[in-house]
Structures are given as C-alpha cells and as structure tokens.
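Now for the letters of each chain:
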Protein chains: 2
Amino acid sequence: MANNDADGVGAGVEWPQGFLGYAGHAGVRRNGNDLSIIASERPAVSAAVFTRSRFAGPSVVLSRRHAADQRMSAIVTVAANANVATGAEGERNAAELAALVGELLRIPAERVLVSSTGVIGRQLPMAPLRAHLGGDGAGEAGAGGTVAGARDFDASPLAVAGAMMTTDTHAKVSSRTVGGARVVGVAKGVGMIEPDMATMLAYLVTDAEVGPIELDNALRSAVDRTFNCLSVDTDTSTSDTVALLANGAAGPVDPDAFAEAVHAVCLELTEQLARDGEGATKLLRVVVEGAASPGQAKRIAKSVLNSPLVKTAVHGADPNWGRVVMAVGKNTEHEEDLAITPEKTTVRFGAMEVYPRATGEEELARLVEIMRRDEVEIGVTLGLGEDAATVYGCDLSDGYVRINADYTT
Amino acid sequence: MANNDADGVGAGVEWPQGFLGYAGHAGVRRNGNDLSIIASERPAVSAAVFTRSRFAGPSVVLSRRHAADQRMSAIVTVAANANVATGAEGERNAAELAALVGELLRIPAERVLVSSTGVIGRQLPMAPLRAHLGGDGAGEAGAGGTVAGARDFDASPLAVAGAMMTTDTHAKVSSRTVGGARVVGVAKGVGMIEPDMATMLAYLVTDAEVGPIELDNALRSAVDRTFNCLSVDTDTSTSDTVALLANGAAGPVDPDAFAEAVHAVCLELTEQLARDGEGATKLLRVVVEGAASPGQAKRIAKSVLNSPLVKTAVHGADPNWGRVVMAVGKNTEHEEDLAITPEKTTVRFGAMEVYPRATGEEELARLVEIMRRDEVEIGVTLGLGEDAATVYGCDLSDGYVRINADYTT
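Predicted model, so just to flag it, every value in this text is computed and none were measured. (Residues numbered from 1 in each chain as written. Chains lettered and ligands numbered in written order. Predicted model: local features only at pLDDT ≥ 70, side-chain atom pairs only at ≥ 80, totals over all residues. Heavy atoms only, no water.)

**Section: the overall build of chain A**
1) Next: Along its length, chain A carries 11 helices and 15 strands.
2) Next: Considering only contacts in chain A between residues 6 or more positions apart, those separated by 24 or more positions represent 80%.
3) Next: Counting every atom, chain A has about 14,300 Å² of accessible surface; 48% of that belongs to carbon and sulfur. (Helix = DSSP H or I, 4+ residues; strand = E, 2+ residues; numbered from the N terminus. Contact = heavy atoms within 4.5 Å. Areas by Shrake-Rupley, 256 points an atom, 1.4 Å probe, with all protein chains shown as cover.)

Below is the structure:
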C-alpha cells in the first residue's frame, strides 16, 4: 500500500509524471529563492481548502474563485510577502500574477492558484515579479534573471519547498506510491499556525487518475485528521491553503489506497511542520481517548497542546504533569465538558501513567527522561465515551519569542 | 468618591477597621513566608467567586461550600502548594486547615475560606502546618515558630500579599475610601492566568456595612469587568478565588459609591497582575469598540490580547501591526463574527491609526516609539454595533519561557 519513498527527508523525491517545478529569485526578499511554480504539463483536476480567516488576503480570495470548478493545473507561490490587508491594489496584483503565470504556461489565468506568504500589510513588489515572469520582456538587474521557458522548469520538490519557506528552517517534502502512481507533497509554515480547514501552504500533486469528487473527498478527509490537528501557536494564518492536483498520467488506482496515500503524505507533512514550529526543539503529540464526542476529543487535545505552561514544561523537560490536568480542567464553555471529572480522568506521558497514580521521586526522574526525548506524546483518557483525537504541535522555547519579537525589523 | 490611597504601591496601606493580618513561614517552601491569614475581629458578611475548572482542588471545593451562606470572616492562604489533584487526602487536609484556623480564631471552621496556590499534584505538608498553627502545641525546629495568638496578627496588607506570592515579583495591594469606610484588596498571580468567573487569588475587605446581596452584586459586577478581562497566558488556574469580606465597623455607605470603590480596587489589582505577568515587561490593554454584542467585543479583544504573535511583537516593539489584523480575522467559530470585514475594521496603537491608513517608513518609526512604552494600548473598531470591551494582559518574553521551563525542578 503506502510506502515511504523519502524517509521524511525529501532529497531524491521527484515529481509524479507530467509535473514540473520552478524555483527562482525574483527579488521579493533580498536573498534566496522567493518565487516558485508547480505545473502540470496536461490538464488536471484539483481540490483545495483555504483559511477561514475574515482577513483572508486577495491571493486567497482569487484562488478560492479559481478553485471552484476543480480544474487548476498550476500553483504559483510568492514568499516573504503575504499580500494581506492590501485592499484593491492587492486584488489587482494577485490577478496580474495569475495572468502572468497563465501566459508563461499558455493556460487560462483561471487555472492558476496564487499563494503569497510573509509579512502582512505590504503591497507585492510587482515590478521585479513582472520582469522575472517575463511580462515586460526583460529581467531587472540584480533580480536574478527571468523564467526563460519550460527549460527552467527543472526544480525538484525539495527546491520548490525551499523557495516557499519564510522562517522555516528546512523544506518539507513527503511522497508515497499508490499502485503505478505517486502522491508528492510540499509544505511550508512554522508560525501563525492553528489552521482551521487548511494549514499554511501545502501542495500535493499526483499522476493518479482521480475524479474531482473522489479527489475532494480524499483531500478533505486527510486535512481534517492532519493539518487541522496542527497548532504551533494558536494563531490562524490569513493565507492558509492546501491544494491537490491530479493529472492522470499514471492511470487509475485503487480509491482506498489513494485516500490512504494522501492521508500519509498529509500526516508526514503535518509532523514535519510541527517539528519545525518556530523555536521548536520537539514534536509534541497529544492523544485524547474516551471522549463523549469527536469534537470534545479534539477540543481537549488542543487545550493541552496549546497550553503555554504545558509547552514550556515540555521544552524544559520539567516533570510538572499537573499542568496537563489544569489544561484539561479549564474547558468549561461546552456543556459536555462539565462531565469531565478528576475521578474518571487519567494522564500519561509516553507509556508512563502520571495521574492518578502517585508519582514519587524515582518516577519523576523517569518522567524527566521521557520528556527529554525529541518526540513527546501526552495521553489523556476522559472515561466518558468512545471518541478519540490526535493533535500535533511543538514545545514553546525562548527561540519562538526571539524569532517573533523582531520579525519585520 | 473613590480616592486612591496608595498610588498603586501598597506600602502604607492599612486594613479597614476590625481586620487583622498574619504572615508567617510554616515551612511549605524553603524560604520566605508561605502562610497568611486575613481575619475580621467581628462577624462579617462575605461574597466570593471561584474557578470553574473541572479540576478545581479540594481547597476550592471546601471554600465554595463555606462561601454558600455568605458568613465567612477569615481567609487562610498556603503558598507554594496548590492542593490540586490530591484526592481524598487533599480533602482531609483542606478541612483540617480550616479547623486549625477556626480554633486559633475561635470561630467555626465553616467561617474560614481556605486557599492554596503553587505546584499541582503534591499533598500539603500537614506536619509543619499543624505545628505552625498550634495544632500540636509546638513549632518544629526550622519551621519558623508558631502563631502564638492575636499578638502576632500584625501583618500589613503588603505583608500578607507578600506571603501569598509564588513566582510574583512584587506584592499587589490596592485601596479606596468610600464615605467613612475603606475597601482594601490584596492579590497574587503571574502565570496560569485566564480567569473565568474569578482570578488567581484576590481578597478584598471593607469595614463598610453592606448586606450580603449588595455585596455579592458589587463583587460580581466588578470581577466581570476586571479579573475576568485579564489574561497572561490563556491557562486557567485550578485555584482561582476572589473573596470580599465586609464587617460593618464603619457603618453604612452609599451603595453606588461602594460598588465603584470595589470596581476601582479590582481594576487596580487587575492591572498590577497583568503588569507582573510571568516574564512581562509591559502592560498590554486591548480595547474593542463597535462590536455587535458584549460577547463579541470581549472575544475579539481576548483574541488579540492572547495572540502569541501580537504579544511577542509588543515585547520587541516590532511594528508588525498586521498581526492584530490576523488575530481579529481568525475568529470564525461564532456566527456573528462572520460579519467582520477588512473594509469595516480599523486598528490603532495608542492614538495612531495603523489600518486601513497606509503606513510609510516614517509612520512605522513612530509606531516603534509607541510600542516601546511600558504600557501599550491596541484599539480595534469593528463597525458592527455599539458594544465595547477592554481586556488586560502583557507581552510575551523569553522570561516567560525561562520561568516555566523549569518551574518544579
């Protein structure tokens, strides 16, 4: 079924048949690639989910429109500028970007998904973008040249993921085979992460032949259990986008195996995003079982995952398990949570139960060892029902504060 | 009407007529006072609100019972141990503590409010507490002696507030006169602060003559607009308690003036708590106006106040106002928030509008100056209605992480 081609590293992963990548430096930021394109050589079907933020930027608004008929075949991403809170000028810029990429690839602008990620409240630098994409016929001095045509579309998934990064410390790539086809995903995002319907930016492409409804179902089901269970800092981005393009080059595959491969790629990218959360030194996984509803399971799990006191304890390997109890108990807004009691609840770190079982000095020392690992799993059982949820995040370090106290300056 | 006796400092503030304070070192922690008592010399009426946490500790459970008939006249606080997640033994210990203080003061145990604050999941050290409170007739060596009787009840509000501290860096005291009477409040709390119905620990005493219903109304109305609008880190304590005792020694006062004095003391303590949030270097105040409902105003205000990205930007004086826009836009769970639009929203820092008004280099430099002050106010107007809310918090610094990464070790 789903095999891991890449061991989570991304080096050596190639695009599925009929997909190409481009990564270049257009001059949006001073150094490093900041413009990337993923394109199918043949018509594709697509599925996509976007941020629900009330301040979704013009790029998201445009892409949501383009996504509606599920026929997108290219994705362009500008890194270092979010194109959010930019008004009518921002809308014009997003539309021009789609048109420029459409001309370059000789497809309608409506087939192009436009994403931008970075600082909020600044206009996109259209002059260098225009020059780079060939819209005025020549590259600007110092802007790193232009896209000369399909011969430059030789960027690997890793190179494209690299060009999408902002404060990410490494590129996120994942890949699975399914029958004779493959599913390849790239993602970026380290802060402002608590997606709701979608995460920062994650793109999946496949050469499997899949219909639009099946594609949409596979993506939404996977996103709900992966990216939507991820939180670095409870802050929901204005630019979150997840898209999946299928160009059919490898022919049909088993639908269940396909859905499983999509889920596996989404999960691997989710754990990569969590582990690279701003300032993060560890992956934190919280599993809630015995909940009265799926909603309760996820709510309580997120409450533990997002507690700054739990996150700092995990960072310092402080065996202060009482903070997990606190984070479970503080949920009082929903009627069903009032059934949670200290008597029915248990808490574990890894395989070690810490509540209600008493913890002596020796056990606390063992707990410190468990918390020192680079992956920490906290388990909570509520004893109220049969529902469960797993959510993904990271520890909170002084690195997060340092990164964000002077991001724009 | 309400005059500030103390200029927010607390030195020189004395108890209202008929109240006494005790502060001592019982040996719950190695150094510093850890046991305090506030007692009325005459019968008092009382009002109190407690944490709604599902993991409220035995001390809170007992005190909630004692508070029911509004006749408490003493408050005992143990610092450095929360007595939470301690089961049946924790319940017995809380009851014994009330009984010991009742014997000492010659009042029924049911007139004593018991609070404990500190690490979760450890039993109270009853032997030194018993010895200190005179329950076994002698102090233990090194435990700092015993309460010898009323002659030791000479601790000022500042000394009592000091004995209540955990990771607080300074004691919180506030005082107002109202007619011939006074309202004095003490509080503690710097982390695990997002109260819901009550805050960490805050006690108010007054010699005004006030009936139980009026007392309760004055407290709840004040708490709702002060402590319940405070958040340091979104984590709700298992021990939150606010109590107000009135012993009538100064006779009756104007009810409106009394309510106003209670509100003023609560507000001043709230701002003191926010400013002393763990690792905090600044007071952060968020004002939302033009909301469609009071609930929406408070929800959006808290969303901005609690955004780690806003808090770190305020810490570093990074003029990244786009994060406020993000924190407003991420609220999509409530139907009425879907009416929020970029077009109707405005954002200001202090008196300076930053959105939608364009911000050039010069304006960003001015914004940095505003953000460098030790009090930062962010204002948001939603343009949807007439409701407003003000909430109180602090910046997020690497100090918060350092304090909490190794709290128990």
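Still more to cover.
**Some words on the relation of the copies chain B and chain A**
1) Next: Superposition of chain B onto chain A requires a rotation of 180 degrees combined with a translation of 0.0 Å along the rotation axis, giving an RMSD of 0.0 Å. The transformation just described matches what one would write down for a two-fold rotation axis. Across chain B, the rotation axis passes nearest the C-alpha of Asp398(B), at a separation of 2.2 Å.
2) Next: Mapped onto chain A, 100% of the interface residues of chain B again fall at the interface, so both copies present the same surface. (Least-squares fit on C-alpha atoms with pLDDT ≥ 70 in both.)

**With respect to the packing of helix H1 (residues 58–67) of chain B against helix H2 (residues 87–105) of chain B**
Residue and element names in this part refer to chain B.
1) Next: Interhelical geometry of H1 versus H2 gives an angle of 50 degrees and a closest axis separation of 8 Å. On the basis of the axis angle, H1 is oblique to H2. At the point where H1 passes H2, the crossing takes the right-handed sense. From H1, Pro58, Ser59, Leu62 and His66 reach across to H2, where they touch Gly87, Gly90, Glu91, Ala94, Ala95 and Ala98. (Axes fitted to C-alpha atoms, helices over the stretch in contact; angles between N-to-C directions. Parallel < 35°, antiparallel > 145°, perpendicular 65-115°, else oblique. Left-handed = near helix turned anticlockwise from the far one by under 90°.)

**Regarding the interface of chain B and chain A**
1) Next: Counting residues at the interface gives 57 residues for chain B, matched by 57 residues for chain A.
2) Next: Where chain B abuts chain A, roughly 4,600 Å² becomes buried across the two surfaces, and 62% of that area is made up of carbon and sulfur atoms.
3) Next: Looking at the side of chain B facing chain A, the largest losses of area belong to Arg54(B), Phe55(B) and Val401(B), adding up to 16% of the total buried there.
4) Next: Summed over the shared surface of chain B and chain A, the result is 0 salt bridges.
5) Next: Viewed at the interface, chain A and chain B are joined by 2 residue pairs in polar contact (both at pLDDT 80 or more).
6) Next: Of all the secondary-structure elements, those providing two or more residues to the side of chain B that touches chain A are helix H8 (308–316), helix H9 (322–329) and helix H11 (398–405) of chain B.
7) Next: Among the residues making up the side of chain B that touches chain A, the classes are represented as 23 nonpolar, 21 polar and 13 charged. (Buried area = accessible area lost by both parts, 1.4 Å probe. Salt bridge = Lys/Arg side-chain N within 4 Å of Asp/Glu carboxyl O. Polar contact = N/O pair within 3.5 Å; in protein donor to acceptor, adjacent residues only side chain to side chain. Nonpolar A, V, L, I, M, F, W, Y, C, P; charged D, E, K, R; others polar.)

**Here's the deal with the sheet that holds strand E14 (residues 375–381) of chain B**
All names here are of chain B.
1) Next: The 5 strands are arranged E13-E12-E14-E11-E15 in an open sheet whose pairing can be described as mixed. Edge positions in the sheet fall to strand E13 (352–355) and strand E15 (387–394), since each has one partner strand and no second. Between one strand axis and the next, the sheet turns by 20 degrees as a mean value, whatever way the strands run.
2) Next: Here strand E12 (residues 346–349) runs beside E13; their pairing, made up of 3 bridges, is antiparallel. Pairing of Arg348 across the sheet is with Glu353, part of E13. (Pairing = 2+ DSSP bridges.)

**Side note on the UniProt feature "binding site: substrate" (unreviewed entry) in chain A**
Residues and elements named next belong to chain A.
1) Next: According to UniProt, the feature "binding site: substrate" (unreviewed entry) maps to Thr166, Lys188, Thr199, Glu278, Asn404 and Thr409 in the numbering used here.
2) Next: Residue position: Thr166 is located in the loop between helix H4 (157–164) and strand E7 (172–178).
3) Next: Looking at Thr166, the relative accessible area reads 24%, which means it is partly exposed. (UniProt positions renumbered as here; feature names shortened; annotations may be inferred. Buried < 20%, exposed > 50% of the residue type's maximum accessible area, 1.4 Å probe, protein only.)

**A few points about the pairing of E7(A)**
Residues and elements named next belong to chain A.
1) Next: The buried fraction of E7 is high, at 6 of 7 residues.
2) Next: Here E7 runs beside strand E8 (residues 181–188); their pairing, made up of 7 bridges, is antiparallel. Paired with Ser175 across the two strands is Val184, which belongs to E8.
3) Next: Here E7 folds back onto E8 in antiparallel fashion, the turn holding 2 residues, of which Gly179 has a positive phi close to 60 degrees.

**Examining the domain arrangement of chain A**
Residue and element names in this part refer to chain A.
1) Next: According to the domain assignment, chain A contains domain 1 (19–276) and domain 2 (283–406).
2) Next: When each unit is reduced to the centre of its C-alpha atoms, the spacing between domain 1 and domain 2 is 33 Å.
3) Next: Between domain 1 and domain 2, roughly 1,300 Å² of surface is buried when both sides are summed, and carbon and sulfur atoms account for 49% of that area.
4) Next: Taken together, the links from domain 1 to domain 2 amount to 4 salt bridges.
5) Next: When the shortest N-O distance is used, the salt bridge between Arg275 and Glu375 registers 2.9 Å.
6) Next: Viewed at the interface, domain 2 and domain 1 are joined by 5 residue pairs in polar contact (both at pLDDT 80 or more).
7) Next: At the level of elements, helix H5 (212–225) and helix H6 (255–275) are the ones that each hand at least two residues to the side of domain 1 that touches domain 2. (Domains from an automatic or database assignment.)

**Comments concerning the packing of aromatic side chains**
All names here are of chain A.
1) Next: This structure, assessed with the given rule, holds 4 aromatic pairs over all chains.
2) Next: With centroids separated by 5.6 Å and ring planes inclined at 40 degrees, the aromatic side chains of Tyr22 and Phe153 adopt a geometry described as tilted. Of this pair, Tyr22 sits in strand E2 (residues 19–24) while Phe153 is found in the loop between helix H3 (126–132) and H4, placing the two residues 131 residues apart along the sequence. Just as Tyr22 is buried, Phe153 falls in that class too.
3) Next: On the numbers, 5.8 Å between centres and 35 degrees between planes, the contact of Trp321 with Tyr355 is tilted. Note that Trp321 is positioned in the loop between helix H8 (308–316) and helix H9 (322–329) and Tyr355 in strand E13 (residues 352–355), a separation of 34 residues in sequence. When sorted by exposure, Trp321 lands in the same class as Tyr355, which is buried. (Phe/Tyr/Trp six-rings, centres within 6.5 Å; stacked < 30°, edge-to-face > 60°.)

**Some details on helix H6 (residues 255–275) of chain B**
1) Next: For H6(B), which comprises 21 residues, the first-to-last C-alpha distance of 30 Å matches the rise-based estimate of 30 Å (1.5 Å per residue) to within 8%.
2) Next: Counting buried positions along H6(B) gives 15 out of 21 residues, so the element sits mostly inside the fold. (Expected span 1.5 Å × (residues − 1).)

**With respect to the environment of Pro342(B)**
1) Next: The residue Pro342(B) is located in the loop between H9 and E12 in this model.
2) Next: Residue classification places Pro342(B) among the partly exposed residues on the basis of a relative accessible area of 21%.
3) Next: Along the chain, Pro342(B) and Pro356(B) lie 14 residues apart, while their C-alpha atoms are 8.3 Å from each other.
4) Next: Residues contacting Pro342(B), with those up to four places away along its chain left out, are Arg54(A), Phe55(A) and Tyr355(B).

**So, the pattern of salt bridges**
Residue and element names in this part refer to chain B.
1) Next: One pass over the full model with this rule turns up 33 salt bridges over all chains.
2) Next: Across the salt bridge formed by Glu268 and Arg176, the nearest N and O atoms sit 3.3 Å from each other. Residue Glu268 is located in helix H6, and its partner Arg176 is located in strand E7 (residues 172–178); the two are separated by 92 residues in the primary sequence.
3) Next: Residue classification places Glu268 among the buried positions, given a relative accessible area of 14%.
4) Next: Residue Arg299 pairs with Asp337 through a salt bridge whose shortest N-O separation is 2.9 Å. Of this pair, Arg299 sits in helix H7 (residues 294–305) while Asp337 is found in the loop between H9 and E12, placing the two residues 38 residues apart along the sequence.

**Comments concerning the packing of H5(A) against H6(A)**
Residue and element names in this part refer to chain A.
1) Next: Between H5 and H6, whose axes approach to 9 Å, the crossing angle comes to 40 degrees. One way to sum up the angle between H5 and H6 is to call them oblique. In this structure, the crossing between H5 and H6 has a hand that is right-handed. Listed contacts from H6 to Glu214, Leu215, Ala218, Leu219, Ala222 and Arg225 of H5 are Pro255, Phe258, Ala259, Val262, His263 and Cys266.
2) Next: A per-class count over the contact of H5 with H6 returns 9 nonpolar, 1 polar and 2 charged.

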